[in-house]
Amino acid sequence: MKRRDEHLQTLFEKSVPGRVGYSIPLPEVPEAALPDDIARDKPAELPELSEVAVNRHFTRISQKNHGIDTGMYPLGSCTMKYNPRINEQTARIPGFARLHPNAPISGVQGALHLMHELGEYLAEISGLPAVTLQPAAGAQGEMTGLMIIRAFHTANGNPRKKVLVPDTAHGTNPASCTICNYSVVTVATNERGRLDLDDLRSKCDEETAALMVTNPSTLGLFEDRIDEAAKIVHDAGGLVYCDGANLNAILGVTRPGDFGADVMHINLHKTFTTPHGGGGPGSGPVAMRDFLAPFMPKPVIAEDSAGRYTLDFDRPQSIGRVHEFFGNFGMLVRAYTYIREMGPENLNRVSTLAVMNANYVKESLKGLYHLPFDEPCMHECVLSDKDMPNGVTTMDIAKRLMDFGIHPPTVYFPLVVKGALMIEPTETESPENVRRFVEVMRQIHEEAKTNPQLVKGAPHTTPVGRVDEALAARQLHLTADLLPPDADEERQLSFDDQPKA
Ligand SMILES: *Cc1c(COP(=O)(O)O)cnc(C)c1O
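Residues numbered from 1 in each chain as written. Predicted model: local features only at pLDDT ≥ 70, side-chain atom pairs only at ≥ 80, totals over all residues. Heavy atoms only, no water.

## As for the site of the ligand
Piece 1. As a matter of local geometry, the ligand sits amid 14 residues, with Ser 77, Gly 138, Asp 243, His 269 and Lys 270 nearest to it.
Piece 2. Note that an oxygen atom of the ligand is positioned 2.8 Å from one of the backbone N or O atoms of Ala 139.
Piece 3. Within the complex, the protein chains bury 88% of what would otherwise be the 380 Å² of accessible surface of the ligand.
Piece 4. Those elements that place two or more of their residues in the shell around the ligand are helix H6 (138-155) and helix H10 (268-271).
Piece 5. Of all the elements, H6 adds the most residues to the shell around the ligand, at 3 residues.
Piece 6. Grouping the constituent residues of the shell around the ligand by class yields 3 nonpolar, 8 polar and 3 charged. (Near = heavy atom within 4 Å. Polar contact = N/O pair within 3.5 Å; in protein donor to acceptor, adjacent residues only side chain to side chain. Areas by Shrake-Rupley, 256 points an atom, 1.4 Å probe, with all protein chains shown as cover. Helix = DSSP H or I, 4+ residues; strand = E, 2+ residues; numbered from the N terminus. Nonpolar A, V, L, I, M, F, W, Y, C, P; charged D, E, K, R; others polar.)

In structure tokens:
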């Protein structure tokens, strides 16, 4: 096997037989052999390393990564905003961090209090009075909400068959419908980038369980006729599910419960600054109208007349549990901390600033970059590569941004805009950073005109060059012996030289 530079090696390549990262006293009792039925046939193939080698390995990898703590991360729809460190401090308070989920109710009153109060805050913010904190992500919140909708219709005699979903929807929306055994009927977007109400009307009937609508939508536009849309669905006996992933744009400005939503999920890891990315724990509470509360997951945290918190399991119509214990409790502590730290006025300012930053980007770049819907935007704006010189594509622009220490925006989504670049600066970027982003985008446009190969070959300064996303996902090459024979040492994780899949 070709031996790679130390800084490119995996832990397995760095392994030295017999090397350990611990020192413990020798046993004072004779060693006993493990019974055959539980002993391994052969030793586990684990890397053997010193503590310092392991520490350096992971620290080095972390330095090659891009995160919100290292730079701007304008990944549309994902709301990659800064996670205040105070959240981490409260989540690490031993009374929270070391709680056992099976501790008796009398011993976890503080935790139950926090969750109960967080539910009340989310009810106030969403305009929907009943809240479950169990779901662990937005997608699981969608599933939970649709299960509640299904249970409601079933209790009324007919679960109904279909859910209406706009063609701009996040991929999780149709997936959640399918999991809940509903068929998806797509609703068109009109020339203003909004729900086509005529199309909605023609598809809405007594077999419609719900309209599943994202507001603001994934085009970064507010559905300004959402009340009419909700009325069409309600008149047919259906419910309105609001995908609340874009709640960051409307905090304290309007509430889904006030514009017709019956049930929604809230992504704490987006709007309420609990960290996310890399598949880490999220949290997707679901808020709903009172008439849906009997169906929500159990147990429900309740407060008795003496001010004690209890768990109500006596919920015969409940859809059951969707998560063990209480959901991702550490995320709940972080979101609670953020809401308390901000207070109502500052939560409102979050949205004002997020919307202003996105509009600044849109107004500064329109004319240079194609703007499919020239409307005031919410917390994100969608551009496209339609008018780029020399065939420079959205992917090229995204990769070139990395050379400037900026994470690419969301690309090729929403699907209704060909070559979409969906940019969400968030409110936590300063005016200087937002301006710099605009300047970098202008420079990339200039390069596309004068030096297109530079953009098409990007990124040039990152530890790994341009990868073929599809190939890298299908064939995860990590070790030297699997690399293309003539791969350049420094850039050997790059698949530049391979044909596009
Ligand atoms: C992020 C997102 C989701 C899914 O949320 P997860 O927490 O990633 O499961 C759904 N809809 C929209 C619009 C989103 O942006």
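## Side note on the packing of helix H12 (residues 394-402) against helix H13 (residues 431-450)
Piece 1. Where H12 contacts H13, the axes come no closer than 10 Å and their chain directions differ by 125 degrees. Classified by the angle their axes make, H12 and H13 are oblique. At the point where H12 passes H13, the crossing takes the right-handed sense. In this structure, H12 uses Ile 397, Arg 400 and Leu 401 to contact H13, whose residues at the interface are Phe 437, Val 440, Met 441, Ile 444 and Glu 447. (Axes fitted to C-alpha atoms, helices over the stretch in contact; angles between N-to-C directions. Parallel < 35°, antiparallel > 145°, perpendicular 65-115°, else oblique. Left-handed = near helix turned anticlockwise from the far one by under 90°. Contact = heavy atoms within 4.5 Å.)

## Let's talk about the domain arrangement of the chain
Piece 1. Each domain of the chain was delimited in the assignment, giving domain 1 (85-341) and domain 2 (352-497).
Piece 2. Taken together, the contact pairs 21 residues of domain 1 with 16 residues of domain 2.
Piece 3. Taken together, both faces of the contact between domain 1 and domain 2 bury some 1400 Å²; the carbon and sulfur share is 62%.
Piece 4. Seen at the junction of domain 1 and domain 2, the total is 2 salt bridges.
Piece 5. Glu 375 is paired through a salt bridge with Arg 194; the nearest N and O atoms lie 3.2 Å apart.
Piece 6. Tallied by class, residues from the side of domain 1 that touches domain 2 come to 8 nonpolar, 9 polar and 4 charged. (Domains from an automatic or database assignment. Buried area = accessible area lost by both parts, 1.4 Å probe. Salt bridge = Lys/Arg side-chain N within 4 Å of Asp/Glu carboxyl O.)

## Re H6
Piece 1. Compared with the 26 Å implied by 1.5 Å per residue over 18 residues, the 25 Å span of H6 between its first and last C-alpha is a close match.
Piece 2. Taken as a whole, H6 has its buried residues at Gly 138, Gln 140, Gly 141, Glu 142, Thr 144, Gly 145, Leu 146, Ile 148, Ile 149, Ala 151, Phe 152 and His 153.
Piece 3. Phi for Gly 157, located one or two positions after H6, is positive at around 105 degrees. (Expected span 1.5 Å × (residues − 1). Buried < 20%, exposed > 50% of the residue type's maximum accessible area, 1.4 Å probe, protein only.)

## Things to note about the packing of helix H5 (residues 109-126) against helix H11 (residues 329-365)
Piece 1. With their axes 10 Å apart at the nearest point, H5 and H11 run at an angle of 45 degrees to one another. Relative to H11, H5 is oriented oblique. As for the relative orientation of H5 and H11, their crossing is left-handed in sense. Mapping the contact onto sequence places Ala 111, Leu 114, Met 115, Glu 117, Leu 118, Tyr 121, Leu 122 and Ile 125 in H5 and Phe 329, Leu 332, Val 333, Ala 335, Tyr 336, Ile 339, Arg 340 and Leu 347 in H11.
Piece 2. Tallied by class, residues from the contact of H5 with H11 come to 14 nonpolar, no polar and 2 charged.

## Let's talk about the sheet that holds strand S2 (residues 162-166)
Piece 1. Ordered by their spatial adjacency, 7 strands build an open sheet running S1-S7-S6-S5-S4-S2-S3, and the pairing between neighbours is mixed. Pairing within the sheet leaves two strands with one partner each, and these edge strands are strand S1 (130-132) and strand S3 (183-187). The average undirected angle you get between the axes of adjacent strands in this sheet is 20 degrees.
Piece 2. Where strand S6 (residues 263-265) and strand S7 (residues 286-288) come together, 3 bridges link them in antiparallel fashion. Pairing of Val 263 across the sheet is with Met 288, part of S7.
Piece 3. Sheet strands in contact with helix H9 (residues 226-235) are strand S4 (208-214) and strand S5 (239-243), and its direction is about 140 degrees off that of S5. (Pairing = 2+ DSSP bridges.)

## Thoughts on unusual backbone geometry
Piece 1. For the bond from Lys 298 to Pro 299, the omega torsion is 0 degrees, close enough to zero to count as cis.
Piece 2. By the element assignment, Pro 299 lies in the loop between S7 and strand S8 (300-303).
Piece 3. In this structure, the amide linkage connecting Ala 458 to the following residue, Pro 459, adopts the cis form with an omega of 5 degrees.
Piece 4. Structurally, Pro 459 is set in the loop between helix H14 (452-456) and helix H15 (469-474).
Piece 5. Of note, Asn 181 is a non-glycine position whose phi angle comes to about 65 degrees, a positive value.
Piece 6. Relative to the assigned elements, Asn 181 resides in the loop between helix H7 (172-179) and S3.

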